[in-house]
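Geometric and topological summary
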Amino acid sequence: MQCVYSLLSQPSPIICMRLCLKVNVLSKFFPFKYLFQAGLITNNMAEKVFDLLDEMTIEPNQFTFTLLFNACAAVANDRAMKIGRKFLAEMPRNYQNNNITSTSAIDMLMKFGDVENAERIFRSIKTKDIITYNAMIKGYTENKIFEKALDLFDQIQLNLTNVTYTVIFNACAQLCNDRATKIGRKLLDQMPDNYRNNIIILTSAMDMLMKFGDVENAESIFQSIKKKDANIYGALMNGYNLNDESWKCFKIFEEMNKNNIAVDDIVWNIIIGACSNTAMLHHCQYIMDRIPSNIQRNIQIQNSLIDMWGKCGSIEKAKSVFDSIDDRGTITYNVMINAFGLNGMGSQAVELYRQMPSNLRDRISHICVLNACSHSALLHEARTIFNEISVKSASIITTMIDCLSRLFVFDEAQKLIDDYEKTNIPSIVMYMSLLSGARNNRNSNLSEKIYKRMKTLFPNEKESLTSGVVLLSNIYSSLGEYEQAKNFRSNQIKELGIKAKIGLSWSEIKGEIVRFKAHDHSHPQSTEIYAKIVRLKSKAIENGFIFDSSWITRRLNENETIESVLCGHSEILVIALNLIQEPVPKFIQVAKNLRVCGHCHEFTKIIAKIEQCDIVVRDANRIHHFYATGQCSCQDQF
């Protein structure tokens, strides 16, 4: 009996069935024995449990109930729910005092999403052990009730198991607030040494630390693991993607190859995600060439590849993957529509949306096509599609507000917000879209009004408010009110307690990702980079280019000029680095974690014309294709 109980602490929902075979319990009811003889330990086996119920000629005992509850938990479909609830209702009262059976029932109900009845059974258990606590905490986590998971964890006065550590780390990773960070770190620090070799626990701990933004300690855990598998490599790379350090994934991928670690489709998806984030064509093609053909036929991989090619600006390759898929589903259409939108091909996005079978369209489809219209100034098309959508979610309305705000149709955008708030809680994302449009319009009065409204409605949304501070202070600077901009930014940022995000740009140089921040002098070729910028600046002025001081966000220092400040932006440094390479490239690719400013957009157009090259810049919102003609694909809608 104790043997049965100990194995119930394992994550597998069908572990009891394996165990019952060991203790020969199955000899009492032959039909279940067949399942083990066939070696069926998948969800199909659980379905067969239901098929064989009618063949039982004896009364079920506590082992039968335990097996059945685990089978129902494994399948968790309508049939399983009906059978599981029926047997739970009919279970004799004396079995309800059995922790094994009750724990299996809790797990089953949690899988059904029936948290209330799971809690009722949990409360009815007089002497709770760690396995019962684990089942409840795991159930809360699976049902995304993370605070309750931590509340229950705080009540535990028992020795923890490997399952407890894994589940709590997962809960902390998902919740990711101050309380979760404190609990997760403390639990990790106090974890006994015998658990520090458990790869499942360590994988969960790494994931948690990455979600906390603690890349350094996650890397330390990774380095401490002697025998690494694909899951632990995947957790590390996924963490890099989450923390904007995707370029590190490629070295980890090479390490996997060196150590002959097989890459499964999940890890391939993570690596493709890293390619999407870095947005460098060479890396994308390098990875693409190494994906086995059978993996490339996986629809999830194909969808990821469409997204990858779209985000690195190769719409032709994205379309090629899309065309190769015969049975296109909702996600396939959505990623292709989004790829068109990111690359300023709004008309093509609308055309594909119209071709998409209406029964496949979902909320994301509407958002992608409206976003594509927004980035291509297709206001009429956006209005038409928006009016056709029968159920308008908050995100759909937000996307339409963004479209209207980009085109300075503020009254209509504000009306959408007002109508939404008549029946819903206000959304800060809607106000940020409106504020962003007001910043592009340099409308300080409207911007001030929006920001004050945001502070009133969303006092705890500090990250979004910080972004609002940056936008509004930039408006003051663009109007020459540098002192007001400086004071406003300094006071508000101090009050919010969050630092503004540092702008970074990167490019691939000789197979390596090179990153710059504004006015960066850390690169070994800095002297040549700034000398090249001086030459570009002179040629631009000869071609009639005027450096617009309204894009300077602070007062100039003594040794600075308008040109030196504007030309020190990170994307300009990256472009200059590319242009001093030998041979001089005819195609340059740059990615940036913030939006490109108006000056850099205009300057990049003139650089492309002067150097007679194509430059692709992906910023936080979209992809700009700068051509040798001096034009940009966005048609100045950015």
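Notes on the structure follow. (Residues numbered from 1 in each chain as written. Predicted model: local features only at pLDDT ≥ 70, side-chain atom pairs only at ≥ 80, totals over all residues. Heavy atoms only, no water.)

Take Phe 153: it is sitting in helix H10 (residues 146-155). Given the relative accessible area of 13%, Phe 153 is considered buried. A C-alpha to C-alpha distance of 7.2 Å links Phe 153 and Ile 137, two positions 16 residues apart in sequence. Phe 153 has contacts with Ile 137, Leu 160, Thr 164, Ile 168, Ile 183 and Leu 187, leaving out every residue within four places of it along the chain. (Helix = DSSP H or I, 4+ residues; strand = E, 2+ residues; numbered from the N terminus. Buried < 20%, exposed > 50% of the residue type's maximum accessible area, 1.4 Å probe, protein only. Contact = heavy atoms within 4.5 Å.)

Where H10 contacts helix H11 (residues 162-175), the axes come no closer than 9 Å and their chain directions differ by 140°. Between H10 and H11, the interaxial angle falls into the category oblique. The two elements H10 and H11 meet at a crossing, and its hand is left-handed. Contacts between H10 and H11 involve Phe 146, Glu 147, Ala 149, Leu 150 and Phe 153 on the former and, on the latter, Thr 164, Ile 168, Ala 171, Cys 172, Gln 174 and Leu 175. Taken together, the residues of the contact of H10 with H11 sort by class into 8 nonpolar, 2 polar and 1 charged. (Axes fitted to C-alpha atoms, helices over the stretch in contact; angles between N-to-C directions. Parallel < 35°, antiparallel > 145°, perpendicular 65-115°, else oblique. Left-handed = near helix turned anticlockwise from the far one by under 90°. Nonpolar A, V, L, I, M, F, W, Y, C, P; charged D, E, K, R; others polar.)

Next up on the list: the environment of Trp 309. Structurally, the position occupied by Trp 309 is in helix H20 (residues 299-311). With 99 residues separating them along the chain, Trp 309 and Phe 408 place their C-alpha atoms 31 Å apart. Every residue in contact with Trp 309, bar those within four places of it in the chain, is listed here: Leu 281, Cys 284, Gln 285, Met 288, Ser 314, Ile 315, Lys 317, Ala 318 and Val 321.

The strand order E2-E1-E3-E4-E5 describes an open sheet built from 5 strands, whose pairing is mixed. The sheet is open, and its two edges are formed by strand E2 (512-516) and strand E5 (623-626), each paired on a single side. Averaged over all neighbouring strand pairs, the angle between strand axes comes to 20°, with direction disregarded. Where strand E1 (residues 505-509) and E2 come together, 5 bridges link them in antiparallel fashion. When the bridges of E2 are listed, Ser 505 appears paired with Phe 516. (Pairing = 2+ DSSP bridges.)

This paragraph deals with the pattern of salt bridges. Using the criterion set out here, one finds 28 salt bridges in the structure. For Lys 311, the salt bridge identified is with Asp 307, shortest N-O distance 3.3 Å. Pair noted here: Lys 311 and Asp 307 are both in helix H20, with a separation of 4 residues, about one helical turn. For Asp 307, a relative accessible area of 19% corresponds to the buried category. Put simply, Lys 455 and Glu 495 hold a salt bridge, and the shortest N to O gap is 2.8 Å. Here Lys 455 is found in helix H29 (residues 444-457), whereas its partner Glu 495 is found in helix H31 (residues 482-496), with 40 residues between them in sequence. Members of the salt-bridge network, linked through shared partners, are Asp 107, Lys 111, Lys 138 and Glu 142. (Salt bridge = Lys/Arg side-chain N within 4 Å of Asp/Glu carboxyl O.)

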